[in-house]
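# Chain and residue survey
Each chain, written out:
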Amino acid sequence: MSQRTKQKAHIGFNVNGDPVEVAFAPHKTLLEVLREDMNLMGTKHGCELGECGTCAVLVDGRSILSCLMLGLDAEGRHVETIEGMETSAGLHPLQETFADLGAAQCGYCTPGFLLVAKELLAAKPNPTREEIKEALSGNLCRCTGYIKIYEAVELAAARMRGAEMELPRESVYGYE
Amino acid sequence: MATNKNSNGFRRNDGNNADANGKDLKVVGKPFRKVDARAKCTGQTKFADDIVLPRMLYAKLLRSHEPHAIIKSIDTSKAEALPGVLAVITGKDLPIPYGILPVSQDEHPLCVDRVRFIGDPVAAVAAIDEDTAFEAMNLIEVEYEKLQTITSIEEAVLIDEPRIHDYGEGGNVHKSVHLEFGDLDEGFAQADLVREDVFFYEGNTHLPMEQHAAVAHYDSDDKLTLWTSTQTPHYVHRALAKTLGMRAAHIRVIATPNGGGFGGKSDPFNHEIVVCELSRRTRRPVKVTLTREEVFYCHRGRHPVLMKIKTGVKKDGAITAMDFESFLDGGAYGSYGVASTFYTGALQTVTYDVPRYRFKGLRAFTNKPPCGPKRGHGTPQPRFGLEVQLDKLAEELKLDPAEMRLKHLAPPNSVTANYLRIGSMGLGKCIEKVVKGSDWKNKHRKLPFGKGVGLACSSYICGAGLPIYWNNMPHSGVQLALDRQGGVRIQCGSIDIGQGSDSILAYIVAEVLGIDPFDIRVLTADTDLTPVDLGSYSSRVTLMTGNAALQAAERARELLSIAVAEKLCTPVENLSFADRRVFDVENPETGVTFAEAVVLAESKFGTIGTVGSYTPPRSPGKFKGAGVGPSPAYSYSAAIAEVDVDAETGFVTVERVWIGHDIGRSINPMLVMGQVEGGVYMGLGEALMEEMIYRANRNAVHKFPSMLEYKSPTTLEMCDVLTYLVEDADPNGPFGAKEVGQGPLLPVMPAVANAVYDAVGVRVDEVPITPEKVLAALRAKARGKEARFGPTGVPAVEWPDALKVLTPAEGGDGKEMPRVAVHS
Ligand code: FES
Ligand code: FES
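Bear in mind that the values here come from a model prediction, so they are computed numbers and not experimental data.

### So, the overall build of chain B
Within chain B, the secondary structure is distributed over 19 helices and 34 strands. Over its C-alpha trace chain B gives a radius of gyration of 27 Å, about what one expects of a compact globule, namely 28 Å for 824 residues. With the C-alpha coordinates of chain B rotated into their principal frame, the extents come out at 85 × 75 × 55 Å. At a minimum sequence separation of 6, the contacts of chain B that also span at least 24 residues come to 80%. In the structure as shown, chain B presents an accessible area of about 27,600 Å², 50% of it carried by carbon and sulfur atoms. Here chain B carries 92 positive and 103 negative side-chain charges, and the mean point of each set is 1 Å from the other.

### Side note on the overall build of chain A
Secondary structure summary: chain A contains 7 helices and 5 strands in total. Reading chain A from its N end, one meets helices and strands in the order α-β-β-α-β-β-β-α-α-α-α-α. Relative to its length of 176 residues, chain A is compact, with a C-alpha radius of gyration of 17 Å against a globular reference of 16 Å. In terms of overall dimensions, chain A has C-alpha extents of about 65 × 30 × 25 Å along its principal axes.

### Considerations on the interface of chain A and chain B
Contacts between the two partners involve 60 residues from chain A and, on the opposite side, 77 residues from chain B. Here chain A meets chain B over a buried area of about 5,500 Å², counting both sides, of which 53% is carbon and sulfur. The interface formed by chain A and chain B holds 30 residue pairs in polar contact (both at pLDDT 80 or more) in total. Of all elements in the fold, only α1 (2-5), α2 (30-37), α3 (93-101), α4 (110-123), α5 (129-135), α6 (147-161) and α7 (169-173) of chain A reach the threshold of two or more residues within the side of chain A that touches chain B. Examining the composition of the side of chain A that touches chain B, we find that 6 residues originate from one element, α3(A), more than from any other. Considered class by class, the residues forming the side of chain A that touches chain B number 26 nonpolar, 17 polar and 17 charged.

### Observations regarding the domain arrangement of chain B
Residues and elements named next belong to chain B. As far as domains go, chain B holds domain 1 (48-147 + 206-298), domain 2 (178-204 + 301-466 + 621-789) and domain 3 (474-614). Contacts between the two partners involve 28 residues from domain 1, matched on the other side by 29 residues from domain 2. Both faces combined, the contact of domain 1 with domain 2 buries some 2,400 Å², and carbon together with sulfur accounts for 66% of it. Area buried by domain 1 at its contact with domain 2 is led by His206, Phe262 and Phe296, which between them contribute 26% of it. Where domain 1 meets domain 2, there are 0 salt bridges. Here domain 1 is connected to domain 2 by 10 residue pairs in polar contact (both at pLDDT 80 or more). Considering only residue class, the side of domain 1 that touches domain 2 consists of 14 nonpolar, 7 polar and 7 charged.

### Let's talk about the sheet that holds strand β11 (residues 251-255) of chain B
Residue and element names in this part refer to chain B. Read from one edge to the other, the open sheet built from 7 strands follows the order β3-β5-β1-β12-β9-β10-β11, with strand pairing classed as mixed. For this open sheet the edge positions go to β3 (85-90) and β11, each flanked by a neighbour on one side alone. The average angle at which neighbouring strand axes cross in this sheet is 20°, direction not considered. As paired strands, strand β1 (residues 57-63) and strand β5 (residues 121-127) are joined by 6 bridges and run antiparallel to one another. Looking at β5, one finds that Leu62 is bridged to Ala123. With respect to the sheet, helix α3 (residues 130-138) is in contact with β1, β3 and β5, its orientation differing from that of β1 by roughly 25°.

### Considerations on the domain arrangement of chain A
Residues and elements named next belong to chain A. One can read the domain layout of chain A as domain 1 (3-84) and domain 2 (93-172). Computed from C-alpha coordinates alone, the two centres of domain 1 and domain 2 are separated by 24 Å. Taken together, the contacts link 16 residues of domain 1 with 13 residues of domain 2. At the boundary of domain 1 with domain 2, total buried surface from both sides reaches about 1,200 Å², with 58% on carbon and sulfur atoms. Taken together, the links from domain 1 to domain 2 amount to 1 salt bridge. A salt bridge links Lys118 to Glu80, with the shortest nitrogen-to-oxygen separation between them at 2.8 Å. Put simply, the parts of the chain that give the side of domain 1 that touches domain 2 at least two residues each are β3 (56-59) and β4 (62-65). The element that contributes the greatest number of residues to the side of domain 1 that touches domain 2 is β3, accounting for 3 residues.

### Concerning a nonpolar patch on the surface
Residues and elements named next belong to chain B. A surface patch of nonpolar side chains, about 220 Å² in accessible area, is lined by Ile562, Val572 and Phe605. In this fold, Phe605 is placed in helix α16 (residues 594-605). Given a relative accessible area of 38%, Phe605 falls into the partly exposed group.

### What to know about helix α6 (residues 233-244) of chain B
An α-helix turns once per 3.6 residues; consequently, residues spaced three or four apart project the same way. All names here are of chain B. With 12 residues, α6 should cover 16 Å at 1.5 Å per step; its first-to-last C-alpha distance of 16 Å lies within 8% of that length. Of all 12 residues that make up α6, 10 are buried, and the element is covered over most of its length. Within α6 the residues assigned to the buried category are Pro233, His234, Tyr235, Val236, His237, Ala239, Leu240, Ala241, Thr243 and Leu244. Lining the buried residues of α6 we find β10 (224-228), β11 and α7 (270-282).

### Quick look at empty space enclosed by the protein
Residues and elements named next belong to chain B. Summed over the entire model, instances satisfying the criterion amount to 11 cavities of 30 Å³ or more. What the largest cavity holds in volume is close to 110 Å³. If you trace the largest cavity, you find 17 residues lining it, with Leu179, Asn418, Phe623, Gly625 and Val628 closest to the centre. At the level of elements, β7 (173-181) and β15 (357-364) are the ones that each hand at least two residues to the lining of the largest cavity. For the lining of the largest cavity, the per-class residue count stands at 12 nonpolar, 5 polar and no charged.

### Some thoughts on the confidence of the model for chain B
Residue and element names in this part refer to chain B. Here chain B averages 96 in pLDDT, while 97% of its residues score no lower than 70. In this model, residues 1-15 is a region of pLDDT below 50 whose contacts with residues beyond four sequence positions or in other chains number 43 contacts. For this predicted complex, the interface confidence reaches an ipTM of 0.97, while the overall pTM sits at 0.97.

### Focus on the layout of surface pockets
Of the voids in this model, the second largest pocket is the one considered here, and its volume is about 1,400 Å³. Glu32(A), Glu36(A), Glu48(A), Lys60(B) and Glu130(B) are the residues nearest the centre of the second largest pocket, which is lined by 47 residues in total. Listing elements by their share of the lining of the second largest pocket, those giving two or more residues are α1 and α2 of chain A together with β1, α3, β12 (286-289) and α8 (292-298) of chain B. Considered class by class, the residues forming the lining of the second largest pocket number 20 nonpolar, 8 polar and 19 charged.

### Thoughts on the sheet that holds strand β1 (residues 9-15) of chain A
Residues and elements named next belong to chain A. If you trace the 5 strands from one edge of the open sheet to the other, you get β2-β1-β5-β3-β4, paired in mixed fashion. Each edge of the sheet is formed by a strand with only one pairing partner; in this case those strands are β2 (18-24) and β4. Sheet twist, expressed as the average angle between the axes of neighbouring strands with direction ignored, equals 40°. Strand direction decides the pairing type here: β1 and β2, joined by 7 bridges, are antiparallel. Residue pairing across strands places Ala9 opposite Phe24, the latter belonging to β2. Here α4 sits on the sheet and contacts β3, β4 and β5 (78-80); the angle it forms with β3, its principal contact strand, is near 35°.

### Some points on the packing of helix α10 (residues 380-396) of chain B against helix α18 (residues 748-760) of chain B
Residues and elements named next belong to chain B. Two numbers describe how α10 lies on α18: the axes approach to 8 Å, and their chain directions differ by 35°. Crossing of α10 over α18 shows right-handed handedness. On α18, the residues that touch Pro380, Arg383, Phe384, Glu387, Val388, Asp391 and Glu395 of α10 are Met749, Pro750, Ala753, Asn754 and Tyr757. Classifying every residue of the contact of α10 with α18 gives 7 nonpolar, 1 polar and 4 charged.

Cut-offs applied
- Residues numbered from 1 in each chain as written.
- Chains lettered and ligands numbered in written order.
- Predicted model: local features only at pLDDT ≥ 70, side-chain atom pairs only at ≥ 80, totals over all residues.
- Heavy atoms only, no water.
- Helix = DSSP H or I, 4+ residues; strand = E, 2+ residues; numbered from the N terminus.
- Rg over C-alpha atoms; globule rule 2.2 N^0.38 Å.
- Contact = heavy atoms within 4.5 Å.
- Areas by Shrake-Rupley, 256 points an atom, 1.4 Å probe, with all protein chains shown as cover.
- Lys, Arg positive; Asp, Glu negative; His and termini not counted.
- Charge placed at Lys NZ, Arg CZ, Asp CG, Glu CD.
- Buried area = accessible area lost by both parts, 1.4 Å probe.
- Polar contact = N/O pair within 3.5 Å; in protein donor to acceptor, adjacent residues only side chain to side chain.
- Nonpolar A, V, L, I, M, F, W, Y, C, P; charged D, E, K, R; others polar.
- Domains from an automatic or database assignment.
- Salt bridge = Lys/Arg side-chain N within 4 Å of Asp/Glu carboxyl O.
- Pairing = 2+ DSSP bridges.
- Axes fitted to C-alpha atoms, helices over the stretch in contact; angles between N-to-C directions.
- Patch = residues over 30% accessible without salt bridge, like charges linked within 9 Å, V, L, I, M, F, W, Y side chains within 5 Å.
- Buried < 20%, exposed > 50% of the residue type's maximum accessible area, 1.4 Å probe, protein only.
- Expected span 1.5 Å × (residues − 1).
- 1 Å grid on protein atoms, 1.4 Å probe; cavity = no way out; pocket = protein on both sides within 12 Å on 5 of 7 lines; lining within 4 Å.
- Points joined across faces, edges and corners; volume = space filled by probe spheres on them.
- pLDDT = per-residue confidence, 0-100.
- Left-handed = near helix turned anticlockwise from the far one by under 90°.

In structure tokens, the structure reads:
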């Protein structure tokens, strides 16, 4: 019977570039604050126990599981969610390649993958397949078998570096 | 040319993309972006839990912690007294039973007098927020009287009392079937070699990333709307009308995009009915979102199946007869179980020629979460057994397992011994491609100890031939509305569960009308606004909604053609639809824009709307039980797995899988590739690690209802996949297309098992193939015992008398023979 009699917590932080203030029950996780108190529904959840990676967001540029972080701890930080990836300049290259290559099937795991991939490319503009696998190993996807996700990350990385890259024909049509 | 929204500009460069009449295709066969891809990559897709309505309440279900008990009493007074609680309901408030199959109406929205597994819901609350609902739920007091718990198939067939349900075949046997096609004795007498093997396939679950969620709103018009993550909005609609005692016309079910389904959202669920009732009582919107733990209890996943297979073959590997027995652990409710039971015996005959075939299947009730349909529904288990047994037979006969299979494929355009009509059949090409691609001939039995390759094949239906409840109506309907501004709207009851069904509708209509798929608005899965499609199950959607969309689009095209031909004074046959134009093929300059064509047609005929529908062809089988297995077409797959087995630890690493899939034709190859890769991934999980297991000595409580402990492949376990698409157009598929959502999972598990044998010479006749099992088999081998891990026998049960059917080759007519000894 908790929070209705208690005071709400009140924090200021930066979400997707906007300075915001929000009041919420102090026990809430960042996931809950984003979804329930700020109506930012792009951040998804698959377990709320830190097991699946679906809820990943970037806090000060680093990926964290928003279901394991208290909303209170976001005070003064910069949080980036999927809603912040598209800018007036258009979709982020990762969003383009995820959409083009079918790396989002049901799309439920996609926001988490996109943000973790963005963090990876910020640190390693030209990651190897193994480095991509390692970076994404905390995110579960039940639909894609991950392969289209790797390809989308590689293609986006190439474009962001300004490198020429074509997806091999067999990735689209299969081997002959 | 329709704009290809795919910024990579992939094009088929083989000049080989034409329809059956040689007409060049502009959309079909191209790797377009999905119509909903952008929303999914920007976090804007609205899943059920993303819906928030003003004054919305939150519901929680109190679930039983007893596996099998009588409910003596439920005291809800403390919960009701808690401030912020608006309603508390129990089983007596919703007494009408339901279930997905008409023959298994054995579930209640909340248990009425008995609980049957840990997780069965007994009461529900609606409160102003989730915390209050949770607190109220914990204030409900339930008094149980424990009953004996039935935890396994073996117990279920031995223990008649207490019965988990008071229907079925008696005791705790839910269903048993016995079908015989042709003279088995004669078949086995003709064999040069007969093998009998026993296999076990452990149960596993779908684990969609999205937990089930639903929002109900009983509004001021006295009408009910339910938004829910379901693969079958039509069946949910029916279940709601029944259990709530409301007119179906007053209920609207909107299926929200599913964050993964895989079969796990195909049943009507108790939480869906409960939020509707809570909303009806409180007159406020009510939401429920299950926790991950609850999703494990909803389950409806892969049945654990124990199997005995006896197969006779000639020296060249030709099968002379097959006798197949399966025992399914059904869990606590019927669900799709009767269909699952038949499916374990249905598709053995569509890959290789099986002239005589017997099937005995039994499904038992146990006090565990109910099993149901998971990707491949009832067929991965028998496929595993059959393909491993064929590997053993090939070895005994000293034949190459690939050659042996290739030699005895079921012929295309034939009817099997159990009366399944095969159309196109591209399995041979699939096998040839993976054999060549993997360098099989230089690897099989030739790699060093610890490395191995294994091959397996499979087939799957492209839609169930019969609906779940008996009726003569179409399985799929599409309505098309054409707007005088050039827009097109498709309405269809199908639901996109990630497979891309919304996009398939748009691609097909765009192809026929010569417009861009992104000009089309696709409106799906809303029972108020869309014609019925039976749902996203049995790999039916591309073929069935595709054919319905094709028909609707062709009818619209006809109306437009008449109006445009009149205007241009050209014969209708001369008109072509492409690049958002309708023009004379002989004089392409002469034409009108698509929007002008709609204006002409609307001026002539009035508002332009057309419909299309699809009903599968009738099956030749007329015997009881012939309803499961028939399909308009069958897809085929062949896979070769290459593994590394560490003989010290028993650890199996699958390095890569070559897979050939007979897709008929790809409507969108990129999406087909994604389904193949996703199918291989899920098969890999089943082969190596995924299992639903329960503590037998602790009341059948689920051992680990969490994503951390229920192991599924991460990026680090996922293997490389080399895919080969075989395009052998099927006359029943739209543009020749067949399914891909389920088939490519099927050959993975047996291919891995056969590869493990090739690597270290031991048979693990059971999935998942865990390190412990591999080690146990290696130890047995070292001690000079049979180099095998797996079950040793099946329970002795009394089967019903066989329902005998003469095979087509024996001159049968698909009907049951009179019950007298015909084969003496
Ligand atoms: S929801 Fe946060 S890790 Fe699963
Ligand atoms: S796309 Fe469905 S879980 Fe990843």
